[in-house]
Amino acid sequence: MNTNLYQNGNFSVNNGSSIFVEGQSVQSFNILLQGQIDVYLSVLDSCDGISEEDILKKSCKIYTLDQNTFWGASDFFLAKKHSVSYVAAEHCNVYAFPVHTLDQAKALFESQKDYGAYIVSSISSEINSSYSALAEIQRHSRSLCASTGRLGLFFWALKEKYGFSVSPSGEFFKKSLKSYQKLKENHILLPDGFNPDFFENPSPDVEEQAWNPSCEIDPVKIDYYKHILDLSMDLRKNFFGADAFITHYHCQEASKCLCDLHSALKEAFKKMDEGLNRLYSESGESIFSEFYRAAVEMKENGQDTSVISQLLDYMVHKLKELHALYENEYGRKVEIDIAPLIDACKQVESTPASSRNEGEAWASGIEVGEGSDYIPEELRNSVEKILNYSGISKDRADFFRSGLQAFKDRKDEASFDKEFTAIKNQVATTFFEIYEAVFKRATAEGNKSRLYHMFLIYGYMDEELLSARHIHTLYRNADKSETGTLAPVHNMREWLLKIYNKEKDPSVNEFGQDYFDTFREMKRRGEVTDKDKVNYDNNLEARLHYEISNMLKVGQKLCYGQMSTYFPILHNGMVSKDLSRAMVTPQLVNESVKKVLDADFSAFHREVFYRNPEKGIEKEFIMKAFPPDFILIPTFGSRSLMWQELTGRNRSTPGRLILPVFTAENLDDVIIRLIGNFRWELCRTMMGTYWNDISQKSLTSEYTDYIQFYKKNKDLSEEAKEKIKMQIQKYNYRMRDIFTSDYETWINHESKGIIRLNKVARRILYRYCPFPKAKRELLEKQPLFSDIAVHFNNIMAKQARQIENHYYKLTKAGISLDPDMEENLRFYKEM
């Protein structure tokens, strides 16, 4: 242990330092005041007599603790030894309370009434995190168990077919042989030849050596602790602060639940280790070694080893995948030397990779040894096919090729030197010229080639820049098409088609000018006249060029997020998460949007003019929802942008929000920030020059006034003022970003009754970003919401009566209400 927290006081912990290690005695309750702590769990049955270094080497990260968490307390109530290890993920400040007996714990609960609620809440939060981690690792374990089980079956099928003498006698292979014999008895046939789907997507028809956890977790218990966290902190403080016995009992029960989860996690990680060692081990019998021995014998006998070579290649791919999983997801280094395995695969090949049946392997995304070009024929020599299809001049194509080759020749893709920057700029300069040419030709010809779809949708261009697994993900998804239900979501190819077909107008450029503003600017300079307007408006190629040169070109660079390392073509260096899990789809976007609308139902509503001359309705104000367009930019990026809040100058048009088509960020958080930015900019535009005029009440004017004059606000405590000061400094006085940070808190916490905002910010957000009625009625029971709820309800009821009276007069005058007006009345009544 690098930090002594057995004394009362505040302690500083450096990034990467181990604080407590699994197996050490628990002698304190600890509060994480600042920073983050990673929690690790070992696969060891016992840590007695094992060094801290060796324990951590055998440990996997299961979750991360955030600040304001009581940690290490759960083990105090049970074994008095830490069941996990704690390592500082960044510089941390920790406050420790030495506690040695249960009586001391109860005394702490009596003297510090709020601590009981904090400790129960912290353990409940760890239960949720552990349960999520358990679901994930069990999924990986089951998948690996199924894959190795199928490989065992296939071994005996190949032995029967080719007659090699290799006959392993280990327990795993004995079970596999029994399972294979049973399949034959039931007349169930295995695939004839290598089929990756057989190993990746097992069916119930074939019996494999399945794994079922011995420790089942009761989901009702997990839901119970989730519901505790959904209660407001004030309610939790009142309940757990009322009786130390109740608090102690809840702490014990929650600790037992967390202990069960840790046991289940340990079992799952052990199962993963077993599966890994079964697949390949440097010492002893393994699936890879037995298949390799069989392949060597077959090659010596002059037999065709193509199927068994593909199986070996598949296992290498699987080992690479597991190595990345352990290291990237679980922070544990697994010693697997892949290079000798790749050499072994090459030694037993009987046919070159290019002659293999791509339908058997690469169409399903199986990666083989490094440098192999064994991919679908459609994707081989992708760069040349795309360049030829684009039809750009030979000089431009050569210029692009030389830049791309120079990029591939560089080992450090994140280099900042001027030479490398020039190389990347050389590629980027021509990329969008190629992109536009390919789009136009593919659209004109109705070309459905997956290669060109991958280029247009994902920014894919070169099979040598991506791993085979990533290429497979793109290839599998390239021709899928779906849209959103709550909000429209478009990939870049779909979006450009709408621009090209005049279904949508081109987006604004980086200076806020749209396609038609540009015409006005050209007219002012004398370059065009009014006679040119019709041709300009209907020039499909000019509209497309404007969109690609502005929104796509600038948006891709911004969505990528790192200007210094920006590159327009998708490559391994920018991929920080498996593409299958990083892909942003319309379904995922809409799921995240729904979560926001469940808390802020009017996020896409605005008040607009409405007229219907046929019914005699000349001018009415109505509230109507205009969901923005979500546009997926072809890049792997970390940033999303509120590109424009309106289309053109019409206030009854949807805005445009852009996201990278791949991201390692939490999509729920991304969408919340986007909608927060959208809310701010929409209000600012609708209010015009009065957006920050406090005499004209609006979201932007009231919030701006609150931030500008917080120091003089008597409704704010000194602590609240200090937090606002830090918030302003963090976002460098950018009012929209300051608001969005509060909006995130409003959606993630306040909507669940978890108090995080001060009363002034809460009042503003309650007024302009109200929760749905059912949620408001639930929260009204809390004192901090009751007063603002009464005021809000009175205002809404008054507005509803005014509209109802106005509509009554219209119907008396013989004007019937149409659906938009009825919806407007319903909005205010139900609001």
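(A) A look at the environment of D600. Among the secondary structure elements, D600 is positioned in the loop between α23 (586-597) and β10 (605-612). According to the relative accessible area criterion, D600 is buried, its value standing at 0%. Sequence-wise, D600 and C769 are 169 residues apart; in three dimensions their C-alpha atoms are separated by 5.8 Å. Other than its neighbours up to four places away in sequence, D600 contacts R679, Y743, I747, C769 and P770.

(B) Just the environment of G655, in detail. Among the structural elements, G655 can be located in the loop between β13 (641-644) and β14 (656-662). The exposure class of G655 is buried, given its relative accessible area of 0%. Placed 27 residues apart in sequence, G655 and L682 show a C-alpha to C-alpha distance of 8.5 Å. Setting aside anything within four residues of it in sequence, one finds G655 in contact with R606, P628, D629, Q644, E645, L646 and F678.

(C) The arrangement of helix α5 (residues 171-185) in detail. Helix length check: α5 (15 residues) gives 21 Å between terminal C-alpha atoms against 21 Å at 1.5 Å per residue, within 8%. If you check which residues of α5 are buried, you get F172, F173, S176, S179, Y180 and L183. On an axial view of α5, the arc spanned by its buried residues comes to 120°, and they lie on one face. Residues of α5 that are exposed and point over 90 degrees away from its buried face: E171, K178 and E185. Against α4 (113-162), α9 (244-279) and α10 (287-300) lie the buried residues of α5. Once α5 ends, the next one or two residues include H187, with phi positive near 60°.

(D) Inspection of the sheet that holds strand β12 (residues 629-636) at higher detail. Reading across the sheet, the four strands line up as β9-β12-β14-β13 and stay open at both edges, with mixed pairing between neighbours. Across the chains shown, the open sheet's two edge strands, defined by having one partner strand only, are β9 (489-491) and β13. Between one strand axis and the next, the sheet turns by 35° as a mean value, whatever way the strands run. By the bridge criterion, six bridges tie β12 to β14 in an arrangement that is parallel. When the bridges of β14 are listed, I633 appears paired with P660. Across the sheet, helix α21 (residues 540-560) touches β12, β13 and β14, and the angle it forms with β12 is around 65°.

(E) Looking closely at the nonpolar core. Grouped together as the largest cluster of nonpolar side chains are 142 residues, with contacts concentrated most on F400, Y458, F630, F662, I671 and Y743. Setting aside its immediate chain neighbours within four residues, I671 contacts V589, S592, V593, V596, F630 and L659. Listed in part, the 103 residues of the second largest apolar core include Y115, L258, A295 and M315.

(F) Representation of the sheet that holds strand β8 (residues 92-98) in the model. If you walk across this open sheet you meet the four strands as β1-β8-β3-β6, and the pairing is antiparallel. Strands at the two margins of the open sheet, each flanked by one partner only, are β1 (9-13) and β6 (69-71). Within this sheet the neighbouring strands show an average axis-to-axis angle of 30°, counted without direction. By the bridge criterion, six bridges tie strand β3 (residues 28-34) to β8 in an arrangement that is antiparallel.

(G) Layout of the pattern of salt bridges. In this structure the tally under the stated criterion is 46 salt bridges. For D48, the salt bridge is made with K81, and the minimal N-O distance between the two is 3.8 Å. In this pair, D48 sits in the loop between β4 (37-42) and α1 (52-57) while K81 sits in the loop between α2 (73-76) and β7 (85-88), placing the two residues 33 residues apart along the sequence. On the basis of relative accessibility, which here comes to 58%, the residue D48 falls in the exposed class. Residue E541 is joined to K440 by a salt bridge in which the shortest nitrogen-to-oxygen separation is 3.5 Å. Residue E541 is found in helix α21, and its partner K440 is found in helix α15 (residues 418-445); the two are separated by 101 residues along the sequence. Relative accessible area serves as the criterion here: at 43%, E541 is assigned to the partly exposed category. The exposure class assigned to K440 is partly exposed, which follows from its relative accessible area of 23%. Among the charged side chains, a network of salt bridges with common partners joins E384, K394, D398 and R401.

(H) A look at the packing of helix α18 (residues 492-500) against α21. Contact geometry for α18 and α21: axes closest at 9 Å, N-to-C directions at 140°. With respect to α21, the element α18 is oriented oblique. In terms of crossing hand, the pair formed by α18 and α21 is right-handed. Every residue of α21 that contacts α18 at M492, W495, L496, I499 and Y500 is listed here: L540, E541, R543, L544, E547, I548, M551 and L552.

(I) Layout of the side chain of E681. Along the chain, E681 turns up in helix α24 (residues 667-687). E681 sits in the buried class, given a relative accessible area of 16%. Among the polar contacts listed, one links the side chain of E681 to the side chain of R736, at a separation of 3.5 Å. Beyond its immediate chain neighbours, meaning those up to four positions away, E681 contacts M642, E645 and R736.

(J) The arrangement of the pairing of β8 in detail. In the sheet, β1 pairs with β8 via five bridges, with the strands oriented antiparallel. Pairing of G9 across the sheet is with A96, part of β8.

(K) The arrangement of the packing of aromatic side chains in detail. Applying the stated criterion across every chain yields a total of 50 aromatic pairs. Both rings, one in Y115 and one in Y118, keep their centres 6.5 Å apart while their planes meet at 45°; by these two values the pair is tilted. In this pair, Y115 and Y118 are both assigned in helix α4, three residues apart and thus about one turn of the helix distant. Seen from their ring centres, W746 and Y766 are 6.4 Å apart, and the 75° between their planes marks the pair as edge-to-face. A residue pair is termed long-range when its members are at least 10 positions apart, and W746 in helix α27 (residues 735-748) and Y766 in helix α28 (residues 759-768) qualify at 20 residues. Here W746 matches Y766 in class, with each residue buried. The lysine or arginine in question, R684, covers the ring of W691, its NZ or CZ lying 4.1 Å from the ring centre. The side chain of R767 reaches across the aromatic face of Y768, ending 5.1 Å from its centre.

Cut-offs applied
- Per-chain numbering applies: the sequence of each chain, read as written, is numbered from 1 onward.
- The predicted origin of the model limits local features to residues at a pLDDT of at least 70 and limits the giving and counting of side-chain atom pairs to 80 or more, whereas totals for whole chains, interfaces and linings rest on all residues.
- In computing side-chain values, all of the structure's heavy atoms are included and hydrogens and water are not.
- The helix count covers DSSP runs of H or I at least four residues long, the strand count covers runs of E at least two residues long, and both are numbered beginning at the N terminus.
- Buried, partly exposed and exposed residues are distinguished by accessible area as a fraction of the type maximum, computed with a 1.4 Å probe on protein chains only: under 20%, between the cut-offs, and over 50%, respectively.
- In this description, contact between two residues means that some pair of their heavy atoms is separated by no more than 4.5 Å.
- The length a helix should cover is 1.5 Å for every residue beyond the first.
- Here the arc refers to the directions that run from the helix axis out to each C-beta atom.
- At least two bridges found by DSSP between two strands is the condition for calling them paired.
- Fitted lines through C-alpha atoms give the axes, limited to the stretch in contact for helices. The angle between two N-to-C directions lies from 0 to 180 degrees.
- We define the nonpolar core as a collection of buried residues of types Ala, Val, Leu, Ile, Met, Phe, Trp, Tyr and Cys that are connected through side-chain atoms lying within 4.5 Å of one another.
- What makes a salt bridge here is a side-chain nitrogen of Lys or Arg within 4 Å of a carboxyl oxygen of Asp or Glu, nothing more.
- Between 65 and 115 degrees an angle is taken as roughly perpendicular, under 35 as roughly parallel, over 145 as roughly antiparallel, and anywhere else as oblique.
- Note: crossing handedness is left-handed where the near helix turns anticlockwise from the far helix by less than a right angle, and right-handed where it turns clockwise.
- Two N or O atoms count as a polar contact when they lie within 3.5 Å, although within protein this holds only if one can serve as hydrogen donor and the other as acceptor, and sequence-adjacent residues are included solely when both atoms are side-chain atoms.
- When two rings of Phe, Tyr or Trp (its six-membered ring) have centres within 6.5 Å they constitute a pair, described as stacked for plane angles under 30 degrees, edge-to-face for angles over 60, and tilted for the intermediate range.
- Note on criteria: charge over ring means Lys NZ or Arg CZ within 6 Å of the ring centre, with the direction from the centre no more than 35 degrees off the ring normal.

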